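Structure at a glance
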Amino acid sequence: MGEMEEDRDNVGKLFEDFVQSSTCKGALQAFNVLCRRLDLDPADNDIFYSSLKAKLTSWKAQALWSKLDKRMSHKEYKKGQACVGTKCLIIGGGPCGLRTAIELALMGAKVVVIEKRDSFARNNVLHLWPYTIHDLRGLGAKKFYGKFCAGAIDHISIQKLQLVLLKVALIVAVEFHINVEFVKLLEPPEDQENEGIGWRAAIRPADHPVANFEFDVVVGADGRRNTLEGFKRKEFRGKLAIAITANFINRNTTAEARVEEISGVAFIFNQKFFLDLKEETGIDLENIVYYRDNTHYFVMTAKKQSLLDKGVVIHDYIDTQMLLSSANVNQEALLCYAREAADFGTNYQLPTLDFAMNHCGQPDVAMFDFTNMYASDNAALVRERFGHQLLVALVGDSLLEPFWPMGTGCARGFLAAFDTAWMVKSWAQGRTALEVLAERESIYRLLPQTTTENIGKNFEQYTIDPGTRYPNLNSACVRPHQVRHLYITTELS
Ligand code: FAD
């Protein structure tokens, strides 16, 4: 074998290691090795993708490039020039933070993502709408994860989705840091000596290089407990709703593969199922979902009385926090409850129901209160201090919390990611802050109402332009004078 051929084989192997890596750390490490070997630096974000592409020419790599090239050809990205010079910090490496990061990078922005955890460990499974499947395929999801949405399957575990998105993000030169926690925004300094220094973030650990990163856009993608200041939250109070999620080991046997999934049965649609369940087991549910993915995943909404009757919840408290506090929950009884419901729900066809473990090494079963769901009043705001403007946006669960049994988190989260990218583009192109904010709020009004039925059906045409996705778009329904309060010039608290 000639030297050049051997070299190509080695590089091909490093690329394959990256593509096949199965953990967050593994992907980061394999990517680093590959870049070093190819003498490429992702910090050169404007030329990184084209250089990588030129150096990786195996048919496998080319199959991925052709997917990504197609995506990059959207006219909205202006050949990767739409946001050149814009610097973005994204807080949170969940699916929505990563999805937003990719879009911003495709427009040529410099993007840094910080993630406080050090691994992708969530077994829970997200329901995908047809458009999200189409979107992820377009990013080459199948090249990274062969089983992605095989056949009629329309779901993916959170950790697998994060991993796919991380790999795409790295390829388009997004900088990704684990073990870095956002604490708060730091205003540009007032003193003459530091004049010129812009917005930065206080982070943990404080001496991490990201502490020096100055940015003009910050995106809060840190999940339901949004840490960015200045966003009022609306609360939707429903009737008491207690959800239980449970993951069991999937050994991928034929017997397991035969068991039918339940893509959401609610009481009103199948009263007999729930009455039989109650009669036979004492378990009283409002709905149940079962997906076979990396694990056998169940999510169900349980009625309080049956949790009390079955000894899962010990004392009855009106206050839901007290009701579901760990001191008031019998963990063993909760495991039995979840297992019994899973067994009945699958007609006793799953041969074994051994719990999968969560990242703490405990059986992966959890109980959550869904009585109150939150949505942010606004999707974005602008802060200005000492002549430095900062565009602040929310995406994903930080913006609009999903109802898990319906699995709207990822679908609406990605729509918000695209809408945010569209806003950043307008911002980068010099439209006034009030115009940009007014348009963003007009589009945000549509988000809570989106369903698989009422969004655009032509997924092939979807781009970050909201007009390609929302058929009834009126992007001027909120006027610039109505968003003046979102232009904030006062000091941060
Ligand atoms: P998330 O997925 O919550 O990601 C937020 C990320 O931000 C996390 O990785 C977090 O570590 C990081 N982060 C938080 N604070 C900081 C900070 N200060 N600095 C840096 N990083 C930070 N949906 C369902 O449909 N079904 C389910 O069963 C389900 N289970 C879930 C279980 C858990 C434990 C959680 C947290 C969420 C679950 N969801 C579920 C919701 C679903 O995960 C989200 O809708 C979806 O992942 C999109 O969310 P996101 O990217 O906006 O936020």
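Please read all numbers here as calculations on a predicted model, not as lab measurements.

Along the backbone of the chain there are 15 helices and 18 strands. For 493 residues, the compact-globule estimate of 2.2 N^0.38 gives 23 Å, and the chain sits close to it at 24 Å. For the chain, the spread of C-alpha atoms along the principal axes amounts to about 70 × 70 × 45 Å. Within the chain, buried positions represent 42% of all 493 residues. Counting contacts in the chain only where the partners sit at least 6 residues apart, residues at least 24 apart contribute 71% of the total.

Next up on the list: the site of the ligand. Taken together, 32 residues surround the ligand, and among them Gly-92, Gly-94, Gly-223, Gly-396 and Gly-409 come closest. Those elements giving two or more residues to the shell around the ligand turn out to be helix H5 (95-106), strand E2 (110-115), strand E6 (181-186) and helix H14 (408-428). A breakdown of the residues in the shell around the ligand according to their chemical character gives twelve nonpolar, 13 polar and seven charged.

Attention now moves to unusual backbone geometry. With an omega dihedral of 0°, the bond running from Arg-204 to Pro-205 counts as a cis peptide bond. Here Pro-205 lies in the loop between strand E7 (200-204) and strand E8 (217-220). Residues other than glycine seldom take positive phi values, yet Asn-179 does so here, at roughly 60°. Structurally, Asn-179 can be placed in the loop between strand E5 (175-178) and E6. Despite not being glycine, Tyr-348 has its phi angle at roughly 60°, a positive value. Here Tyr-348 lies in the loop between helix H13 (331-345) and strand E14 (365-369). With 11 C-beta atoms counted inside 10 Å, the residue Tyr-348 sits in the exposed group.

On to the environment of Phe-273, then. Relative to the assigned elements, Phe-273 resides in helix H10 (residues 271-281). With 17 C-beta atoms counted inside 10 Å, the residue Phe-273 sits in the partly exposed group. Sequence spacing of Phe-273 and Leu-353 is 80 residues, and the spatial spacing of their C-alpha atoms is 21 Å.

Its domain assignment divides the chain into domain 1 (87-234 + 374-488) and domain 2 (239-370). Here domain 1 and domain 2 have C-alpha centroids that lie 32 Å from each other. With twelve residues of domain 1 in contact, the opposing surface of domain 2 contributes 18 residues. Per-element tally for the side of domain 1 that touches domain 2: the top contributor is strand E4 (residues 155-157), with three residues. For the side of domain 1 that touches domain 2, the per-class residue count stands at six nonpolar, five polar and one charged.

The next thing to look at is the confidence of the model for the chain. When pLDDT is averaged along the chain, the result is 94, and 98% of the positions lie at 70 or above. ipTM for the predicted complex: 0.98, alongside a pTM of 0.96.

Among the nonpolar cores identified, the biggest contains 136 residues, and Ala-105, Ala-169, Val-174, Phe-298 and Val-424 are the most heavily contacted of them. In terms of residues, this core owes the most to one element, H14, which gives 13 residues. Composition of this core by domain shows at least three residues from each of domain 1 (87-234 + 374-488) and domain 2 (239-370). With sequence-adjacent residues up to four places away left out, Val-424 is seen in contact with Cys-83, Thr-86, Cys-88, Leu-104, Ala-109, Val-217 and Leu-391.

A few words now on the pairing of strand E16 (residues 380-385). Where E16 meets strand E17 (residues 388-394), six bridges bridge the pair, whose relative direction is antiparallel. Note on E17: the bridge partner recorded for Arg-383 is Leu-390. Between the antiparallel neighbours E16 and E17 lie two residues, among them Phe-386 with a positive phi of about 50°. Sheet topology places E16 next to strand E18 (residues 487-488); two bridges connect them, and they run parallel. Each residue of the ladder has a partner; that of Arg-383, found in E18, is Ile-488.

In an α-helix, one full turn covers 3.6 residues, which means residues spaced three or four apart are oriented alike. With twelve residues, H5 ought to run about 16 Å at 1.5 Å a step, and its terminal C-alpha atoms sit 17 Å apart, in line with that. Of all twelve residues in H5, twelve are buried, a share of seventy percent or more. On its buried face, H5 sits against helix H4 (59-72), strand E1 (87-91), E2, helix H8 (158-171), E8 and H14. Directly after H5, the chain includes Gly-108, whose backbone phi takes a positive value near 95°.

Moving on to H8. In this model H8 runs 20 Å from its N-terminal to its C-terminal C-alpha over 14 residues, within 8% of the 20 Å that 1.5 Å per residue would give. With 14 of its 14 residues buried, H8 lies for the most part within the structure. Phi turns positive one or two residues past the end of H8, at Ala-173, with a value near 75°.

Another aspect to go through is the sheet that holds E17. Here we have seven strands laid out as an open sheet, ordered E5-E2-E1-E8-E17-E16-E18, and mixed in their pairing. The open sheet terminates on both sides in strands that have one partner only, identified here as E5 and E18. Two elements, E8 and E17, share four bridges in a ladder whose sense is parallel. Within the sheet, the bridge partner assigned to Val-217 lies in E17 and is Leu-391. In this fold H14 packs onto E1, E8, E16 and E17, with an angle of close to 165° to the strand it touches most, E17.

Turning next to the packing of H5 against H14. H14 packs onto H5 with a crossing angle of 30° between their chain directions and a minimal axis gap of 9 Å. Our pair here, H5 against H14, has a crossing hand that is right-handed. Mapping the contact onto sequence places Pro-95, Cys-96, Arg-99, Thr-100, Glu-103 and Leu-104 in H5 and Cys-410, Gly-413, Phe-414, Ala-416, Ala-417, Phe-418, Thr-420, Ala-421 and Val-424 in H14. Class assignment for the residues of the contact of H5 with H14 results in ten nonpolar, three polar and two charged.

Reading the values: the criteria
- All residue numbers refer to positions counted from 1 along the written sequence of the respective chain.
- In keeping with the model being predicted, local features are shown solely for residues with a pLDDT of at least 70 and side-chain atom pairs are shown and tallied solely at 80 or more, while totals for entire chains, interfaces and linings include all residues.
- Helix and strand assignments follow DSSP, with helices taken as H or I runs no shorter than four residues and strands as E runs no shorter than two, numbered in order from the N terminus.
- As a reference, a globule follows 2.2 Å times the number of residues to the power 0.38, and the radius of gyration itself is taken over C-alpha atoms.
- Whether a residue is buried, exposed or partly exposed is read from the other C-beta atoms within 10 Å of its own C-beta, which are placed from the backbone; 20 or more gives buried, 12 or fewer gives exposed, and intermediate counts give partly exposed.
- Any two residues are considered in contact once their C-beta atoms, placed from the backbone, lie within 7 Å.
- All residues are tested the same way: a C-beta atom is placed from the backbone, and lying within 6 Å of a molecule or strand makes the residue near it.
- The nonpolar class holds Ala, Val, Leu, Ile, Met, Phe, Trp, Tyr, Cys and Pro. Asp, Glu, Lys and Arg form the charged class, and all remaining residues, Gly among them, are polar.
- Residue ranges labeled as domains rest on an automatic or database domain assignment.
- Confidence of the predictor at the level of single residues is given by pLDDT, which spans 0 to 100.
- By our criterion, buried Ala, Val, Leu, Ile, Met, Phe, Trp, Tyr and Cys residues that link up through C-beta atoms within 7 Å make up a nonpolar core.
- The pairing criterion is simple: DSSP has to find at least two bridges between the two strands.
- By this rule the span expected of a helix is its residue count minus one, scaled by 1.5 Å.
- Fitted lines through C-alpha atoms serve as axes, helices being fitted only where they are in contact, and the angles separating the N-to-C directions of these axes extend from 0 to 180 degrees.
- By definition, turning the near helix anticlockwise from the far helix through less than a right angle yields a left-handed crossing, and turning it clockwise yields a right-handed one.

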